[in-house]
Amino acid sequence: MFKRPRSWSAVLLLAVLFPALLLAASVFSRSIRAQVIVEQMREDVPVLVALDRIGLRTGETVEVTVRGEGLTAVRDILCDTVRLVEVLANDEKSARLKVEVAAGADPGVHPLHLLCEAGLSNPRLIVVGPLGQWVEKEGNNAPAEANPIEQPCAVSGVLTPEDRDFFRFQVAAGETVVFDLRADRIGSPVAGVLTLFDSEGLEIDKAATPSRGVAPDVRLVHRFEEAGTFNVCVTDRTFSGADYAAYHLTLSSQPFAESMFPLGGRRGETVKVELAGSQPDQAWTQVVELPSALDWSRARLETPVVAASAKMPAQFAVGDYDEHLEHEPNDASKEAELVTSPVTINGRIDRPGDIDCFRVAAKAGEKLFFEVFAARLGTPLDAVLLVRDTSGTMIVEQDDGAVPERLPPVIRAARDDGAIDDPRLEMTAPSDGEYVVEVRDRFHHGDAAHGYRLEISSQPLDFELIVQPGRVASSDPRDRRRRRGQRVLPQYDGRGGGALSIDRGGRGSLVVRAIRRGYNGPIEIKLEDVPPQLVTQRAVIAEGQNQVLVDLLAGFDAESTAAFIRVVGVGSLADRTITRRAVQPVMFAALPSAVAAQRELDVVAVGVSGRGAELALRGAADGALTPGGEAVVRIELRRREGVAGEVALAAVNLPSGIRFDALTLAADQSTAVVRVTADADATPGRRTLQIEGKLSVKDKKEPLIAIASLELDIRPLARVELLTPSIELTPGGAARLEFLVDRAGGEKSPVALEVSRLPQGVTLVESTLPAGEKSVKIEIRAEAEVRPSPIPRIIPIKPVLTIGGRRLELPAQRLVLKIVKPPS
């Protein structure tokens with residue numbers, strides 16, 4: 001275990017050392033086997049460590065002080081609820097800001113970034129709400145020194161080592177107060193304990209165990225029988241702390257939901273969700289509309305409560321199968337409910353020892369897939385799934401499911417994530433008949449909060465998308481850039497975690513990875529809400545592949561800006577289109593902590609800094625290439641002020657059949673003209689050429705590297721298109737076929753037409769498209785003896801170009817020919 005440091009500056013030292021320790025520990029321990037390595041795009045971005053207040057009230061303008069590293073020249077705030085009004089004071093390590101919270105801001109937890117001269121910072125979490133906000137004043141370590149507050153309210157505080165924070169408040173007789181402590185939910189390492197004291201200093205209530213839906217944070221509900229003054233004390237379970245160990249405590253009578261049912265619905269339908277609170281009389285209904293065009297699979301929704309709103313206690317999922325609601329009794333095979341695959345069953349293990357049984361029919365050899373969604377949605381159910389035949393013989397059983405293939409660039413918590421609590425299994429039916437699937441809790445727990453969704457299908461066809469700023473680390477241990485750039489859990493030091501910073505003229509990357517669930521086709525990646533200062537390139541996760549790198553380029557003179565962008569993937573099936581929104585897993589923590597908050601955000605924060613890249617490179621081709629030809633590529637580069645030297649230009653990952661001559665630009669040169677050549681047998685199509693610029697700097701061990709991606713269009717020397725793809729001929733009749741010839745590179749040779757499978761008695765008058773002609777009509781004739789047929793024939797016509805004795809076959813054209821009877 002790491003001892004929490006007493007000052008936040010020690011966090012940065014730990015953040016530098018911790019990745020190396022994790023890498024070494026992975027050799028000896030399985031506890032971090034789920035870790036992956038990413039290569040960071042930037043290591044000099046601002047680091048946001050702490051805010052002096054976590055809570056902000058909607059509609060108010062307040063001062064906030066932030067601390068960290070690299071905070072020079074704060075330019076803006078990136079947050080969906082908070083706007084920067086004025087920078088009151090600013091230096092390298094702190095900034096005092098006046099901010100405004102939108103009057104209609106959604107209550108809850110929101111990420112906040114700072115845009116500084118050096119780029120966009122990592123996110124910190126803030127809490128926005130309608131309650132009055134108080135900030136803890138130290139010197140409140142005893143009941144007599146308690147900070148006076150007026151409830152209902154919210155308090156932002158910090159627990160230093162061995163700290164105890166007391167707050168004094170008044171209540172009316174019979175009043176019930178909900179004390180809700182946020183720590184894990186705002187990325188704090190505080191393991192909170194709440195203790196209530198009366199005016200005499202006697203303890204009257206205490207809570208330290210996790211509450212459902214917000215674990216491992218603490219919630220305490222207490223009814224005060226008598227009016228009076230009371231104290232609430234906030235401590236850490238181990239009395240650890242640091243000056244970044246923040247918390248946010250609310251005191252209110254606001255009801256909250258502890259359970260909900262069902263946990264999801266079908267796309268295109270409306271679902272009525274029943275919610276229940278902590279008290280027997282607290283229950284209400286939420287109607288959720290699910291349009292067919294929804295691009296998310298699960299999300300945390302709002303639910304209305306008295307005079308406000310709150311988050312649902314679990315995530316709400318969206319599916320594509322028929323929905324079925326579980327009905328009791330179904331505790332045994334003979335009571336199992338009959339369902340028809342594909343189906344999504346909404347159920348809950350509503351009492352200790354409860355078992356839910358369902359029957360499904362299958363043919364011999366048929367595959368059935370079973371998948372539970374519970375822990376992933378935020379319920380306490382640790383599901384066990386098993387399938388039996390009707391005689392009671394168990395066929396297959398699974399407890400924890402294997403972690404999905406979330407390889408680079410996904411970043412996981414520093415704990416054992418070798419398994420998840422949601423089982424997934426497949427079964428091949430040994431014979432025709434019915435099979436019973438059982439769902440239960442591993443530890444035989446159960447109540448209304450132990451909900452689940454069970455999907456049964458013959459073959460799921462879906463995918464999820466994960467997005468992460470950075471590059472996939474090289475697998476070659478000899479790669480210097482791999483050793484220099486790799487980071488395990490980079491969010492712990494804030495550098496690169498949850499945000500992408502790009503300098504003017506620079507390049508940043510997002511790695512988008514698909515977790516395929518039966519769908520193996522191509523996935524087109526689209527970026528939405530991209531600011532105009534950035535240019536993106538088309539990206540596709542190819543069929544059967546799992547990831548793609550999406551580049552974003554900032555203009556040489558781009559203005560400094562920041563935005564949340566969305567990454568969406570689109571796949572196509574025969575009967576429908578699959579559209580899914582990518583999520584970004586972000587670890588909100590100031591140092592390694594087992595209770596660090598990990599959240600999946602459905603946006604990526606991208607910022608353009610206020611400075612130019614150390615080395616920036618751009619390239620553009622003048623015109624297209626043809627096999628055996630060449631094209632001119634114009635290259636422009638810029639060096640940051642103070643950076644000088646020769647720049648070596650070379651092509652990396654050179655496409656097959658393309659040649660690029662390396663060259664060096666002198667220290668006083670910033671432009672170059674290069675010729676790119678295509679071999680005579682180069683395959684036509686679009687190719688991506690990456691040009692790497694490398695500049696050695698005296699005071700740096702590694703050279704500066706810039707990469708420009710250049711799209712090359714290799715066109716065939718000629719392209720032939722048949723403009724009359726179908727004709728009808730009568731015996732003794734004729735028709736004309738019209739061909740369009742598109743010639744590239746000035747090539748004017750004749751094009752031969754090789755025709756096969758013509759019916760006997762049908763001939764093409766000419767078999768050559770003359771040299772230099774663009775539009776040619778050729779007659780096709782049928783002799784009088786040709787017999788009519790109701791069945792059309794497919795006639796392939798293969799254009800062939802011969803240049804210098806070399807035969808080039810162009811894409812074949814297809815003619816649909818039908819011989820019909822002459823009109824009577």
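Residues numbered from 1 in each chain as written. Predicted model: local features only at pLDDT ≥ 70, side-chain atom pairs only at ≥ 80, totals over all residues. Heavy atoms only, no water.

Student: Explain the overall build of the chain residue by residue, including any values.
Tutor: Along its length, the chain carries 2 helices and 72 strands. Out of the 824 residues belonging to the chain, those deemed buried represent 51%. In the chain, the proportion of contacts linking residues at least 24 apart, taken out of those at least 6 apart, comes to 69%. Surface accessibility of the chain: about 36900 Å² in total, with carbon and sulfur atoms responsible for 49%. (Helix = DSSP H or I, 4+ residues; strand = E, 2+ residues; numbered from the N terminus. Buried < 20%, exposed > 50% of the residue type's maximum accessible area, 1.4 Å probe, protein only. Contact = heavy atoms within 4.5 Å. Areas by Shrake-Rupley, 256 points an atom, 1.4 Å probe, with all protein chains shown as cover.)

Student: Describe the pattern of salt bridges, listing the residues and the values that go with them.
Tutor: By the definition in use, this model includes 50 salt bridges. The salt bridge partner of Asp-354 is Arg-351, with a shortest N-O separation of 3.4 Å. Take Arg-351: its relative accessible area is 34%, and that puts it in the partly exposed class. We note a salt bridge from Arg-719 to Asp-742, for which the minimum N-O separation is 3.8 Å. A residue pair is termed long-range when its members are at least 10 positions apart, and Arg-719 in strand β63 (residues 718-722) and Asp-742 in strand β65 (residues 734-743) qualify at 23 residues. When its relative accessible area of 40% is taken as the criterion, Arg-719 is described as partly exposed. (Salt bridge = Lys/Arg side-chain N within 4 Å of Asp/Glu carboxyl O.)

Student: Could you give an account of the sheet that holds strand β38 (residues 424-428), naming the residues involved and the relevant values?
Tutor: Pairing within the open sheet is mixed, and its 5 strands lie in the order β29-β31-β40-β33-β38. The sheet is open, and its two edges are formed by β29 (322-325) and β38, each paired on a single side. The average angle at which neighbouring strand axes cross in this sheet is 20°, direction not considered. Sheet topology note: the β29/strand β31 (residues 343-348) ladder contains 4 bridges and is parallel. The residue of β31 that forms the bridge with Glu-323 is Thr-344. (Pairing = 2+ DSSP bridges. Axes fitted to C-alpha atoms, helices over the stretch in contact; angles between N-to-C directions.)

Student: Requested: an account of the pairing of strand β45 (residues 507-517), with residues and values cited.
Tutor: Note on strand geometry: in a regular strand, side chains alternate between the two faces of the sheet. Counting buried positions over the 11 residues of β45 gives 11, a clear majority of the element. Alternating residues of β45 divide into Arg-507, Ser-509, Val-511, Arg-513, Ile-515 and Arg-517 and Gly-508, Leu-510, Val-512, Ala-514 and Arg-516, and every residue in both groups is buried. For strand β41 (residues 462-469) and β45, the ladder comprises 8 bridges, and the chain directions are antiparallel. Within β45, the position partnered with Gln-468 by the bridge is Val-511. Sheet topology note: the β45/strand β49 (residues 547-554) ladder contains 7 bridges and is antiparallel.

Student: Outline the packing of aromatic side chains, supporting the account with residue identities and numerical values.
Tutor: Using the criterion set out here, one finds 6 aromatic pairs in the structure. Judged by centre distance (5.7 Å) and plane angle (40°), the rings of Phe-463 and Tyr-519 are tilted. Of the two residues, Phe-463 is situated in strand β41 and Tyr-519 in the loop between β45 and β46 (523-528); the sequence distance between them amounts to 56 residues. Taking relative accessible area as the criterion, Tyr-519 reaches 4% and is therefore assigned buried. Aromatic rings pair up to connect Phe-169, Phe-179, Phe-224 and Phe-230 into one cluster. The positively charged end of Arg-219 is found above the aromatic ring belonging to Phe-256, 3.8 Å away from the centroid. Here the basic side chain of Arg-618 rests over the ring of Phe-556, its NZ or CZ set 5.2 Å away from the ring centre. (Phe/Tyr/Trp six-rings, centres within 6.5 Å; stacked < 30°, edge-to-face > 60°. Lys NZ or Arg CZ within 6 Å of the ring centre and 35° of its normal.)

Student: With reference to specific residues and values, describe the sheet that holds β63.
Tutor: The strand order across the open sheet built from 4 strands is β63-β65-β69-β67, with neighbouring strands paired in antiparallel fashion. Pairing within the sheet leaves two strands with one partner each, and these edge strands are β63 and β67 (762-764). Averaged over all pairs of adjacent strands, the angle between strand axes in this sheet comes to 25°, irrespective of strand direction. Of the strand pairs in this sheet, β63 and β65 are connected by 5 bridges, and their pairing is antiparallel. Across the sheet, Val-720 pairs through a bridge with Val-741, a residue of β65.

Student: Give a description of the confidence of the model for the chain that names residues and reports values.
Tutor: For any part of a model where pLDDT is low, the fine detail of the predicted coordinates should not be relied upon. Residues at a pLDDT of 70 or more form 85% of the chain, whose mean pLDDT is 84. Per-residue pLDDT stays below 50 along residues 402-419; that stretch engages in 66 contacts with residues further than four places along the chain or on separate chains. Per-residue pLDDT stays below 50 along residues 474-496; that stretch engages in 77 contacts with residues further than four places along the chain or on separate chains. (pLDDT = per-residue confidence, 0-100.)

Student: So, the pairing of strand β4 (residues 61-69): which residues are in play, and what are the values?
Tutor: Pairing geometry for strand β2 (residues 47-51) and β4, over 4 bridges, is antiparallel. Its bridge partner lying in β4, Val-47 is registered against Glu-69. Of the pairings in the sheet, the one linking β4 to strand β7 (residues 94-101) comprises 7 bridges and is antiparallel in character. Opposite Val-62, over in β7, you have Val-99 as the bridge partner.

Student: Tell me about unusual backbone geometry, and please be specific about residues and values.
Tutor: With an omega of 0°, the peptide bond running from Glu-328 to Pro-329 counts as cis. Relative to the assigned elements, Pro-329 resides in the loop between β29 and β30 (337-338). Of note, the amide linkage connecting Ser-341 to Pro-342 takes the cis form, showing an omega dihedral of 0°. Note that Pro-342 resides in the loop between β30 and β31. Here the phi dihedral of Phe-239 falls at roughly 60°; this positive angle occurs in a residue that is not glycine. Relative accessible area serves as the criterion here: at 39%, Phe-239 is assigned to the partly exposed category. Positive phi outside glycine occurs at Asp-529, with the angle close to 65°. The topology assignment puts Asp-529 in the loop between β46 and β47 (534-536). Since its relative accessible area comes to 54%, Asp-529 is described here as exposed.

Student: Please set out the nonpolar core residue by residue, giving values where relevant.
Tutor: Ranked by size, the top nonpolar core spans 28 residues in total, and within it Leu-729, Leu-737, Phe-739, Leu-769 and Ile-780 carry the most contacts. Every element with two or more residues in this core is listed here: β63, β64 (726-729), β65, β66 (751-755), β67, β69 (775-782), β70 (793-803) and β72 (813-819). Residues contacting Leu-769, with those up to four places away along its chain left out, are Val-720, Phe-739, Val-741, Arg-743, Pro-750, Val-751, Leu-753, Val-776 and Ile-778. (Core = buried A, V, L, I, M, F, W, Y, C linked by side-chain atoms within 4.5 Å.)

Student: I'd like to hear about the environment of Gly-610, residue by residue, with values.
Tutor: Tracing the sequence through the fold places Gly-610 in strand β54 (residues 604-612). On the basis of relative accessibility, which here comes to 15%, the residue Gly-610 falls in the buried class. For the pair Gly-610 and Val-74, spaced 536 residues apart in sequence, the C-alpha separation works out to 10.0 Å. Setting aside its immediate chain neighbours within four residues, Gly-610 contacts Arg-75, Cys-116, Glu-117, Arg-504 and Ser-560.

Student: Please set out the side chain of Arg-516 residue by residue, giving values where relevant.
Tutor: Following the sequence through the fold, Arg-516 ends up in strand β45. Of the buried charged residues, Arg-516 lacks a salt bridge, with Glu-543 as the closest side chain of opposite charge at 8.2 Å. Looking at Arg-516, its side chain comes within polar contact range of the main-chain oxygen of Tyr-519, at 2.9 Å. A polar contact of 3.2 Å, which involves the side chain of Arg-516, links it to the backbone oxygen of Ala-542. When sequence neighbours within four positions are dropped, the list of residues in contact with Arg-516 reads Asp-462, Phe-463, Gly-521, Ile-523, Ile-541, Ala-542, Gly-544, Gln-545 and Asn-546. (Lys, Arg positive; Asp, Glu negative; His and termini not counted. Polar contact = N/O pair within 3.5 Å; in protein donor to acceptor, adjacent residues only side chain to side chain.)

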